[in-house]
Structures are given as structure tokens and as C-alpha cells.
Amino acid sequence: MCIRDRVSTQSTWDINYIREFMGFKRFVQAGRVAYINYGVDHGKVCVIVEVINSTRVLVDGPTLGVPRQVISLRRLALTDHLLKVAKGIHTKSLEAEIKKADLVKKIGESSWAKKLAAQKRRAELNDFERFQVMMLKRQKAYLVNKDVAQAHSKGAKKAKKAAKPKEAKSSQQP
Amino acid sequence: GINAEYMGIQFSQIRIMVKKFKWYPAEDEKKPFQRKSKAKKKPVATRKGLNPGVVCIVLSGRFRGKRVLFLRMLPSGLALVTGPYKVNGVPLRRMNPAYLLVTKTQVKPEAISKEADTIDDKYFAKAKEAKKKEEEKLFADTAAKAKVFPPEKKEKQGKIDQPILAVLDPLMKKYLATRFTLRNGMKPHELVFQLL
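Thresholds, definitions, all that
- Residues numbered from 1 in each chain as written.
- Chains lettered and ligands numbered in written order.
- Predicted model: local features only at pLDDT ≥ 70, side-chain atom pairs only at ≥ 80, totals over all residues.
- Heavy atoms only, no water.
- Helix = DSSP H or I, 4+ residues; strand = E, 2+ residues; numbered from the N terminus.
- Buried < 20%, exposed > 50% of the residue type's maximum accessible area, 1.4 Å probe, protein only.
- Contact = heavy atoms within 4.5 Å.
- Areas by Shrake-Rupley, 256 points an atom, 1.4 Å probe, with all protein chains shown as cover.
- Buried area = accessible area lost by both parts, 1.4 Å probe.
- Salt bridge = Lys/Arg side-chain N within 4 Å of Asp/Glu carboxyl O.
- Polar contact = N/O pair within 3.5 Å; in protein donor to acceptor, adjacent residues only side chain to side chain.
- Nonpolar A, V, L, I, M, F, W, Y, C, P; charged D, E, K, R; others polar.
- Patch = residues over 30% accessible without salt bridge, like charges linked within 9 Å, V, L, I, M, F, W, Y side chains within 5 Å.
- Pairing = 2+ DSSP bridges.
- Axes fitted to C-alpha atoms, helices over the stretch in contact; angles between N-to-C directions.

(A) Seen up close, the overall build of chain B. Check the secondary structure of chain B and you find six helices and five strands. When its helices and strands are written in sequence order, chain B yields α-β-β-β-α-β-β-α-α-α-α. Put simply, chain B has 196 residues, and 28% of those count as buried. Here the contacts in chain B between residues at least 6 apart in sequence split such that 63% fall between residues at least 24 apart. In the structure as shown, chain B presents an accessible area of about 16,100 Å², 55% of it carried by carbon and sulfur atoms.

Shown next as C-alpha cells:
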């Protein structure tokens, strides 16, 4: 019996209802790991400790370089990671939880963190490095296009072969 | 004499005008700036990162966009650069260092031979032609003598470039041969040339 069967008995604010029917997967809740998009701690990751209202949350990041603070939800981007902590957890306990969950490592492994690192590296390239990148892109494009051309020619050959016996047949008929 | 007492004026109040020179120019002559203090002219401030062998991007002039190698600062305050000539067509040339974009890339400074130190601002002085009279100019051969680049300068170019070319790998040569341009998505204020 899936959740859809229980629709009438469910509150529309039930988290699982929302997940099923509205497609939202990441919720603002105690333990949600979020990325700070704006402000002094821009680029850092923190954990939501308490929800204050629809716009603000209490946030903390003990080993992540974020002091315990109230921050607007507009400055946060929620991630998939969720720590199992009670709301209002103290900084020390949170630090232990972060360490237990190995959060720093997990976030570093996420493709989104890797993308950020790549963006940062790209921004730091100096003139010669940019030139090297351009050369490598050209080489890659050359190899790719070579393969594509081969595939095309093979396809064209196949089409020709198929056309030839057809022609032979049609020429034989009259 | 003036009877000062008669005029009722004190003698000490009278100033007598005396002509100092026979000829005075109509307007004040313009004098070149001269330091009032005896302080000597300061040497050109060295720019951070501008060391021998550093690749620079030329920002203006005939060779704008070209990537050249910086050799040394000349006493006049200009920078001595070379292409090298065989790589990108930039000869030994003086350039205003303000129009050189210094990059982080540097060729081995050992490749910049001592020859570069022998080049001075005088090397670039224009050869003075003998003053021709008006009539001579009129009858001068219209098929003018082809301007020949002095072979000594060619030799000098070769001497300086040869050790550099020996050190450059093919990618580096291609890099120096390519002009710098801005492309789509490139924001000049965000581009990094040197992480200072």
C-alpha cells in the first residue's frame, strides 16, 4: 500500500506527501546541510540547526568555518546531505556529528563540489595555461570529429551498398 | 639731477631704471624644466614580475597582441624585447613597459645571453644621413637605394635569439607565435596573468 492510497488521511504538510506529490526532495529541516551562496561565509557549507520562520534559519558549521548564526534562506542552497540531529543542537554536539558523518569528505566527493573546484581552477588559469587548454580542446575535437567522419562514411557506404542491389534489381526488371 | 627735496619726495623712495640688456625678446623664452634641487634622476622603477625571459603581451603599437620575451630595461626607461624574430616576427625592439602585459610564464633566464646587456639606447638611434643640398635632392635618383637592414643588426638578432630558440619547446614556440585576443566569455578584468 503506497502513500497515494493514504492520501485522504495525510496532512498536506506531511513531508512524505510533499515528496511524492510535489516532487520536492530537499527540505529545510534540522540537520540539512546547506551551501552558503552569499555573504561573508560565501562558498562555505553549514548545517541547519533550527528553523525560525519561512525566511530565516539558525545555522552552524563548527569545523566548516561557519559561526553559529541566523541566516536568510535566500542565501542558502540546500544539498542532498542530511545529518540526523535534533533541532537546536549545540555547536559541540554538532561538531561530533559532523565528524561522525565524515561530512567534509562526503561533500568533497560530490560532483557539485568537484564542479566548483573546476570552476575555481579555470578562473585561476594564467595566459599560457589558457593557451594549453585551447590546444588540448582542439586536439580532442580533431579526434572526435575524425571518428564522427568515419562513422558517417561507414553509414554512407552501407547506404550505397543497399542502394546498389536495389538499382541492380530495378535495372534487371524491364 | 633731480632736486628731490624740491619735489617733496624722499630720495630713498626713488628707483632709477637701468637697462640691463640691449635686447629683450618680445615673449618670455620657454626654458626646459630644470630641477631646482641637485637630486639626480631616479632609475626606472622595476615592475613586479618583469624579469629577463618573461613572456609579455604587447598591448599597443604595431605588434599589439604579440607575445614577446622581455630581455632587459634600458637606461632610457624603455624595455628591450625580442620575439624571438623567427618565431613571431618581432625583432629586437624597445617598448614602453606600460604597454607590456606581464605574464607569469618565463623562459629560462639563462637563455638570455650577455649579448642583451651590450645593447643600449644608442643601438636604436637613427643613422644620420649626410645633409643634402636642395639641388642634389631634386636630381637625386628616384629609384632610391633599397633600404638594407644592416647585417650587423641581423647578426645581433641571431646571437640573442639563438640560445632562446634552443630552449623553447614546440608548444612554447606556438604560444609565442600566436597573438593574444579576447574571445567570447573572456572578461579582461577577471583574467589572471600573474597571481601577484
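(B) Examining the interface of chain B and chain A more closely. Contacts between chain B and chain A engage 16 residues on the former and 10 residues on the latter. Between chain B and chain A, the buried area comes to about 1,100 Å², and carbon and sulfur atoms account for 65% of it. Applying the counting criterion to the chain B and chain A interface returns one salt bridge. Arg67 of chain B is the salt-bridge partner of Asp127 of chain A, the closest N and O atoms lying 2.9 Å from each other. Put simply, chain B and chain A have three residue pairs in polar contact (both at pLDDT 80 or more) between them. Listing elements by their share of the side of chain B that touches chain A, those giving two or more residues are β5 (100–106) and α6 (170–177) of chain B. A per-element tally of the side of chain B that touches chain A places α6 of chain B first, with four residues. Looking at side-chain class alone, the side of chain B that touches chain A contains nine nonpolar, three polar and four charged residues.

(C) Broad picture of a nonpolar patch on the surface. A cluster of nonpolar side chains, namely Phe21, Met22 and Phe24 of chain A, defines an oily patch on the protein surface of about 310 Å² accessible area. Within the element layout of this structure, Phe24 of chain A appears in the loop between α1 (15–22) and β1 (32–36).

(D) The side chain of Asp127 of chain A, seen in detail. Considering the arrangement of structural elements, one finds Asp127 of chain A in helix α5 (residues 127–172). A relative accessible area of 2% places Asp127 of chain A in the buried class. Separated by 2.6 Å, the side chains of Asp127 of chain A and Tyr175 of chain B make a polar contact. Excluding residues within four positions of it along the chain, Asp127 of chain A makes contact with Ile57, Arg67, Thr103, Tyr175, Phe180, Val192 and Phe193 of chain B.

(E) Examining the sheet that holds strand β2 (residues 67–73) of chain B more closely. All names here are of chain B. The sheet built from five strands is open, its strands ordered β4-β3-β2-β1-β5 with antiparallel pairing. Looking at strand neighbours, the two that pair on one side only are β4 (93–95) and β5, the edges of this open sheet. The sheet shows a mean angle of 45 degrees between the axes of neighbouring strands, direction not considered. Note that strand β1 (residues 54–58) and β2 share three bridges and pair antiparallel. Residue pairing across strands places Ile57 opposite Arg67, the latter belonging to β2.

(F) Quick look at the side chain of Thr105 of chain B. Summarising the element assignment, Thr105 of chain B is placed in strand β5. When its relative accessible area of 11% is taken as the criterion, Thr105 of chain B is described as buried. Setting aside residues no more than four positions away along its own chain, Thr105 of chain B makes contact with Asn126 and Phe128 of chain A together with Gly53, Val54, Val55, Met172 and Tyr175 of chain B.

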